[in-house]
Amino acid sequence: MAVEDLKTHFFTKLGVVKAVNGVSFSVDKGEVVGLVGESGSGKSVTGFSIMGLVDPPGRVVSGRILFKGEDLVQAGERRMRSLRGRRIAMIFQDPMMTLNPVLRIDTQMMEAVKAHADVSTQSARERAREALVRVGIPSPDERLKAYPHQFSGGMRQRVAIATALLHKPDLIVADEPTTALDVTIQGQILYEVQKLCRETGMSLIWITHDLSVVAGLADRICVMYAGVIVETGATSDVLDRSMHPYTKGLIESVPSRNRRGQPLAQIPGMTPSLLNLPPGCSFHPRCPRADEVCLAEPAIAEPAGTGHSVRCFYPHLEQG
Ligand code: SF4
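Residues numbered from 1 in each chain as written. Predicted model: local features only at pLDDT ≥ 70, side-chain atom pairs only at ≥ 80, totals over all residues. Heavy atoms only, no water.

Would you mind going over the site of the ligand with me for this structure?
The ligand sits among H244, P245, C281, F283, H284, C287, R289, A290, C294, C312, F313 and Y314. Its atoms largely coinciding with the cavity grid, the ligand occupies the largest cavity. Partitioned by chemical class, the residues of the shell around the ligand number 9 nonpolar, 2 polar and 1 charged. (Near = heavy atom within 4 Å. 1 Å grid on protein atoms, 1.4 Å probe; cavity = no way out; pocket = protein on both sides within 12 Å on 5 of 7 lines; lining within 4 Å. Sits in = over half its atoms within 2 Å of the grid points. Nonpolar A, V, L, I, M, F, W, Y, C, P; charged D, E, K, R; others polar.)

Below is the structure:
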């Protein structure tokens, strides 16, 4: 799957909100790509654009989303309906966006199977059961008969993930699905999802504000700021040799045992309003390295020998 120069804008009474403003990246088969950034960076809107789920006043204004050779931007709603849930699926932050509170788990999962496959009730039930086993839900036969409120938050999210897996999609877009969970449950879910990608060849886009989540999960990271990707590359390159001042700021603001006793670093200022972006590099009002050159717009480029790309006039390069 490849996203090429995607622009998704919202046409509000106050003006045009450029939530996604020229985003390009790709995800290979079996690969996990982490889309990282603060609230308002455009990461979730990128995910919703891929799924064809951007509601008015928003719309994709230009760019391409190539999925198995087909441009999803040009696909109509009917075509997207046939792809969603079958070939591409989404996991939301709140599992209750997926689950109906008044229906038993078996009813809703079997309905999801039958929406895209002409199978008997018995085989639909078996597929639902298999999906629950795959995400590590114990006693799946009993759990199928339960209602969502009878599950803990972590178990509900597992059911939502199992529902996304029912048709063994080629691509899953996961929008902060473990943010509301405690760290042990989060760790288990991340481990299981990564294992599923390796075993089935499923591609995964994991959207998060938390660098520590993608550190152990993603093969590659795209760091987003103000609607654009500011740094991208293999996870170890981006985290160990970050070049963009924003990525560096994000990494330094994560508490670490190595900096015990030192004040926690923070990025000064706020994310800019997407209605009224600063001229040139959008990060310049918060950037410690900014000068007048940064009033022009930097392009994304790969400095020689770094192996990954950055959108900055003065990238931090390792010496020697
Ligand atoms: Fe900072 Fe300038 Fe780089 Fe933008 S282009 S991140 S303002 S140094």
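I tried to follow the sheet that holds strand β6 (residues 88-91) on my own but got confused; where do I start?
The strands making up a sheet are joined through hydrogen bonds of the backbone, oriented either antiparallel or parallel. Spatially, 7 strands are ordered β6-β7-β8-β3-β9-β10-β11 in an open sheet, and the strand pairing comes out mixed. Among the strands making up the open sheet, the edge pair consists of β6 and β11 (309-310). Inspection of the sheet shows strand β3 (residues 32-36) paired to strand β9 (residues 220-225) by 4 bridges, in the parallel sense. Bridge assignment links G34 to a residue of β9, and that residue is I221. Sitting on the sheet, helix α6 (residues 153-165) is in contact with β6 and β7 (171-175), with an inclination near 170° to β6. Across the sheet, helix α10 (residues 245-252) is in contact with β9 and β10 (228-234); its angle to β9 comes to roughly 105°. (Pairing = 2+ DSSP bridges. Helix = DSSP H or I, 4+ residues; strand = E, 2+ residues; numbered from the N terminus. Contact = heavy atoms within 4.5 Å. Axes fitted to C-alpha atoms, helices over the stretch in contact; angles between N-to-C directions.)

Would you mind going over the packing of helix α3 (residues 105-116) against helix α4 (residues 121-134) with me for this structure?
For any two helices packed against each other, the geometry is given by the interaxial angle and the distance between the axes. For the pair α3 and α4, interaxial distance at closest approach is 9 Å and the crossing angle is 110°. Taken together, the axes of α3 and α4 are roughly perpendicular relative to one another. Every residue of α4 that contacts α3 at D106, M109, M110, V113 and K114 is listed here: T121, A124, R125, R127, A128, A131 and L132. Of the residues belonging to the contact of α3 with α4, the class tally is 7 nonpolar, 1 polar and 4 charged. (Parallel < 35°, antiparallel > 145°, perpendicular 65-115°, else oblique.)

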